[in-house]
Amino acid sequence: MPLRMNQRLATLLATLLVLSPAIASAHDPGLSSANLTVKADSIDAVVMFNQRDLASIEATGEALAIKLLQLRLGDVSLHLASSRVAVDSNNNASFQLHFARQTGRGTLRVSSGVISELPFGHRQLISVCTTDRQTLGERLISARENELAVKIRSGLQSPPTSHGRFAEFFLLGVHHILTGYDHLLFLSGILIVCSSFSAAMRIITCFTIAHSITLGLATFNVLAIPSRFVEPMIAASIVYVGIENLWSHGRLRWREVLTFAFGLVHGLGFASVLREMGIGTSDVGVAVPLFSFNVGVEAGQLLVAGCVLPIACRLKSAERFPRIAVPVVSSVIACAGAYWFVERIAA
């Protein structure tokens, strides 16, 4: 490849990294959950939002509680009888809603009354179960597909197969990586200085093992660290990788060990995605969401590596790439991490 083309590709790569923090937040567009329990004469719901997502909704207090969920059983609209809200250490607001009902059976239709007011791309996991925790239906809704329909019968109903849940959480994991600009910059900072494909795979494997450990521990509530500490730590890892690329001049030692250590921190960040959707905070099944989300994260990482590595390896044949482009890109990565670190500390 001509040197001029190598320089253009290097410039394009640096420009994309400069613009990516500016055109989107480092956070996922938004996730929430609604866990409904069908009882003999009522339907109780626990709706969980991160408070940063609620900032875009005009309603507050009781008016907000009324708007959160819209329930219709057969031809009858169910009205909110009572509500209360609590906020946890991760800034998640948990709304406990109580809907009275009289109809014994029929089709229960559940939709969100606020999802159209939330940031574009926000998704909510709606789960409906019986009092003995048997799942009747589950769906990941959005502003475009805003309804879950479930048959309510007098007898017990067999739970749905896990295939739909696997696909939804797999795609959620892929989406989280591709829209998580902090994780993308961390991976890019690691991959851009790798000397070979095998070296890159070793580093990605270390990162995968590490974040899988903390993702599982955090989801099962074995390890609990508030997001106000985790998010700045993720930003700090990005700063460190960018700075290390600058001072190491391509002679990286212990990069696998370092990546493993930082992977433990990023796993806590991945876990916050599932916790915002109520996974692990109730008796709702954890195994399928945890496994499929993790597989989706790995698929997203491999997709990123498959795009970055060929470009980086081809550009390394240019004499000026290690001397000019790598420092420029690494500086951009370090500056973006520093910006996010200050922003998250101040939040």
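In case you missed it, the structure is sitting above this.
Structural notes, computed from the coordinates. (Residues numbered from 1 in each chain as written. Predicted model: local features only at pLDDT ≥ 70, side-chain atom pairs only at ≥ 80, totals over all residues. Heavy atoms only, no water.)

### Here's the deal with the overall build of the protein
Working step 1: Broken down by element type, the protein carries 10 helices and 10 strands.
Working step 2: A burial count over the protein gives 50% of its 347 residues as buried.
Working step 3: For the protein, long-range pairs separated by at least 24 residues make up 76% of all intrachain contacts whose partners lie at least 6 apart in sequence. (Helix = DSSP H or I, 4+ residues; strand = E, 2+ residues; numbered from the N terminus. Buried < 20%, exposed > 50% of the residue type's maximum accessible area, 1.4 Å probe, protein only. Contact = heavy atoms within 4.5 Å.)

### Some words on the sheet that holds strand E7 (residues 106-112)
Working step 1: Pairing in this open sheet of four strands is antiparallel, and the strands run E4-E3-E7-E10 from one edge to the other. Every other strand in the sheet has two partners, leaving strand E4 (76-78) and strand E10 (148-152) as the edge strands with one partner each. On average, each strand axis in the sheet is inclined to that of its neighbour by 25°, with strand direction left out of account.
Working step 2: Against the sheet, helix H3 (residues 61-68) engages strand E3 (69-73) and E7, with an angle of about 45° to E3. (Pairing = 2+ DSSP bridges. Axes fitted to C-alpha atoms, helices over the stretch in contact; angles between N-to-C directions.)

### Structural notes on the pattern of salt bridges
Working step 1: For the coordinates displayed, the defined rule picks out seven salt bridges.
Working step 2: Between Arg109 and Glu147 there is a salt bridge, with the nearest N and O atoms lying 3.1 Å from each other. Taken together, the residues Arg109 in strand E7 and Glu147 in the loop between strand E9 (135-141) and E10 connect sequence positions 38 residues apart.
Working step 3: Notably, a salt bridge pairs Glu231 with Arg344, separated by 3.2 Å at the nearest N-O pair. Note that Glu231 is positioned in helix H7 (residues 227-248) and Arg344 in helix H10 (residues 321-346), a separation of 113 residues in sequence.
Working step 4: Here Arg344 falls in the buried class, since its relative accessible area comes to 8%. (Salt bridge = Lys/Arg side-chain N within 4 Å of Asp/Glu carboxyl O.)

### A short note on the sheet that holds strand E8 (residues 123-130)
Working step 1: The strand order across the open sheet formed by six strands is E5-E6-E2-E1-E8-E9, and the pairing between neighbours is mixed. Pairing within the sheet leaves two strands with one partner each, and these edge strands are strand E5 (80-87) and E9. Going from strand to strand, the sheet's axes swing by 15° on average, the running direction of each strand aside.
Working step 2: Where strand E2 (residues 42-50) and strand E6 (residues 92-100) come together, nine bridges link them in antiparallel fashion. The residue bridging Val46 from the neighbouring strand is Gln96, located in E6.

### Looking at the packing of aromatic side chains
Working step 1: This structure, assessed with the given rule, holds four aromatic pairs.
Working step 2: Ring centres of Phe186 and Phe262 lie 6.0 Å apart, and the angle between their planes is 85°; on these two criteria the pair is classed as edge-to-face. Linking Phe186 in helix H5 (residues 181-191) with Phe262 in helix H8 (residues 255-276), this pair joins segments that are 76 residues apart in sequence.
Working step 3: Residue classification places Phe262 among the buried positions, given a relative accessible area of 16%.
Working step 4: Judged by centre distance (5.8 Å) and plane angle (90°), the ring pair of Tyr240 and Trp247 falls under edge-to-face.
Working step 5: One aromatic cluster is present, formed by Phe186, Phe207, Tyr240, Trp247 and Phe262 through successive ring pairs. (Phe/Tyr/Trp six-rings, centres within 6.5 Å; stacked < 30°, edge-to-face > 60°.)

### A closer look at the nonpolar core
Working step 1: Phe186, Leu191, Leu215, Phe293 and Trp340 are the most contacted members of the largest nonpolar core, which totals 47 residues.
Working step 2: For this core, the secondary structure elements donating two or more residues are helix H4 (163-179), H5, helix H6 (197-219), H7, H8, helix H9 (287-315) and H10.
Working step 3: It is H8 that contributes the most residues to this core, eight residues altogether.
Working step 4: By size, the runner-up hydrophobic cluster in this structure holds 33 residues, among which are Val38, Phe49, Leu54 and Val128. (Core = buried A, V, L, I, M, F, W, Y, C linked by side-chain atoms within 4.5 Å.)

### Side note on the packing of H6 against H9
Working step 1: At their nearest, the axes of H6 and H9 sit 11 Å apart, and the two run at 155° to each other. If you check the angle between H6 and H9, you find them roughly antiparallel. Read as a crossing pair, H6 and H9 show a hand that is right-handed. Residue-level inspection shows Phe197, Ala200, Met201, Ile204, Phe207, Thr208, His211, Ser212, Leu215, Gly216 and Thr219 of H6 in contact with H9, the latter providing Leu290, Phe293, Asn294, Val297, Glu298, Gln301, Ala305 and Leu309.
Working step 2: Residue classes in the contact of H6 with H9 are distributed as 11 nonpolar, seven polar and one charged. (Parallel < 35°, antiparallel > 145°, perpendicular 65-115°, else oblique. Left-handed = near helix turned anticlockwise from the far one by under 90°. Nonpolar A, V, L, I, M, F, W, Y, C, P; charged D, E, K, R; others polar.)

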